Amino acid sequence: MRYDETQEIMRRNTRITAVVSQMRAIARNRVISLVQLASYFVLYLPLRIFFRSHRSLSGTIRQLDRGALLIANHQSIADPFIVMGNLPFTVFIRLLPVRFPTDHDYMQLPVTGQLLRFFGCYDVGATPRLRMCTLLKTCDLLRSGETVFLFPEGSIARSEMKEFNRGIEFFIRESRSVIFVRMDGFNEPIIDHIIATRRTLCYGEVRSADDLEHDARSLRESFDFLTGHAERAEWRSSSQEA
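These numbers were taken from a predicted model, which means no experiment stands behind them. (Residues numbered from 1 in each chain as written. Predicted model: local features only at pLDDT ≥ 70, side-chain atom pairs only at ≥ 80, totals over all residues. Heavy atoms only, no water.)

As for the side chain of E153
Here is step 1: Mapped onto the elements, E153 comes out in the loop between strand 5 (147-150) and helix 7 (168-174).
Here is step 2: Residues in contact with E153, not counting those within four places in the same chain, are N73, H74, M161, K162, E163 and N165. (Helix = DSSP H or I, 4+ residues; strand = E, 2+ residues; numbered from the N terminus. Contact = heavy atoms within 4.5 Å.)

Take a look at the structure:
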């Protein structure tokens, strides 16, 4: 077989592999979207009632669309479902499918890990090398127009909110829009909220990546400001500084 024929066969196989991968990705996203849509009524709304809170929606919430990056502080294992269930339904539909970087320990559980994959979760990895691969994967998802929801603290904070982990700036750059969501009171005993709840759920203003600083510390300050927990003088976007 001649060299030119071998090269042509290799190019053809590469194209076939790319088409198959694309079809698998489309099929996967459709399955995740259907599961998340069903979960909105079966799981998200009941949790919204059970974990009732005072919800605050920004006036720009309906600007959210696919390719958005949702960033929230982390107070309980139910947080992803609570935040998604409190979105207006029309906004929720536009964001599908939503992908969730998830702790390696949860993803390795035999049954739970498989169920989480149907919900759009993927493993963040257990080693620095695998975490770097996950960082690149998350950037690829955002670049291709998929929605990503993450907790930049890296783990559940039972008391005070933690600092943001480094690396979030890469996701900001690749996203089409960013929204910060602040949760307060969801790490307190449920019995404390039976009669009157003090829980609050605040969806901040939708911003473009160009409006935000890209280092972890500045993004934490932006988070506090855009969710109503800091004075305007303490936060300035990069566009205002220009």
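Moving on from the coordinates now.
Some words on the confidence of the model for the chain
Parts of the prediction with low pLDDT should not have their coordinates interpreted in detail.
Here is step 1: When pLDDT is averaged across the chain, the result is 84; 88% of the residues are at 70 or more.
Here is step 2: Of the regions scoring below 50 in pLDDT, residues 231-242 engages in 21 contacts with residues more than four places distant in sequence or in other chains. (pLDDT = per-residue confidence, 0-100.)

Some details on the environment of R173
Here is step 1: Tracing the sequence through the fold places R173 in helix 7.
Here is step 2: Distance in space between the C-alpha atoms of R173 and C139 is 8.6 Å, their sequence separation being 34 residues.

Focus: the packing of aromatic side chains
To describe a pair of aromatic rings, you give the distance between the ring centres and the angle between the ring planes.
Here is step 1: A full pass over the atoms with the stated rule returns 14 aromatic pairs.
Here is step 2: On the numbers, 5.4 Å between centres and 75° between planes, the contact of Y40 with F41 is edge-to-face.
Here is step 3: Classification of Y40 as buried rests on a relative accessible area of 4%.
Here is step 4: Aromatic pair F164 and F223: ring centres 5.6 Å apart, planes at 85°, arrangement edge-to-face. Remark: F223 occurs in helix 8 (residues 216-226) and F164 occurs in the loop between strand 5 and helix 7; sequence separation between them is 59 residues. Of the two residues, F164 and F223, both sit in the buried class.
Here is step 5: Within the aromatic cluster, the residues linked to one another by ring pairs are Y40, F41, Y44, F81, F89, F92 and F119. (Phe/Tyr/Trp six-rings, centres within 6.5 Å; stacked < 30°, edge-to-face > 60°. Buried < 20%, exposed > 50% of the residue type's maximum accessible area, 1.4 Å probe, protein only.)

Thoughts on the environment of L201
Here is step 1: Mapped onto the elements of the fold, L201 is located in strand 7 (residues 200-203).
Here is step 2: For L201, a relative accessible area of 0% gives the class buried.
Here is step 3: Setting aside residues no more than four positions away along its own chain, L201 makes contact with S53, H54, R55, S56, I82, V83, N86, V181, R182, M183 and F186.

Side note on the sheet that holds strand 1 (residues 54-57)
Here is step 1: An order of 1-7-6-2-5-3-4 is seen for the seven strands of this open sheet, with the pairing classed as mixed. Since the sheet does not close on itself, it has two edges, and those belong to strand 1 and strand 4 (121-123), each with one partner. The sheet shows a mean angle of 20° between the axes of neighbouring strands, taken without regard to direction.
Here is step 2: Here helix 6 (residues 128-143) sits on the sheet in contact with strand 2 (68-72), strand 3 (98-102), strand 4 and strand 5, set at roughly 150° to strand 4. (Pairing = 2+ DSSP bridges. Axes fitted to C-alpha atoms, helices over the stretch in contact; angles between N-to-C directions.)

Here's the deal with the pattern of salt bridges
Here is step 1: By the definition in use, this model includes six salt bridges.
Here is step 2: With a closest N to O distance of 2.5 Å, D140 and R143 form a salt bridge. Linking D140 with R143, this pair stays in helix 6, spanning three residues, or about one helical turn.
Here is step 3: E188 serves as the salt-bridge partner of R198, at 3.4 Å between the closest nitrogen and oxygen. Highlighted residues: R198 in the loop between strand 6 (177-184) and strand 7 and E188 in the loop between strand 6 and strand 7, separated in sequence by 10 residues.
Here is step 4: Linked by salt bridges that have partners in common, R28, R99 and E146 make up one network. (Salt bridge = Lys/Arg side-chain N within 4 Å of Asp/Glu carboxyl O.)

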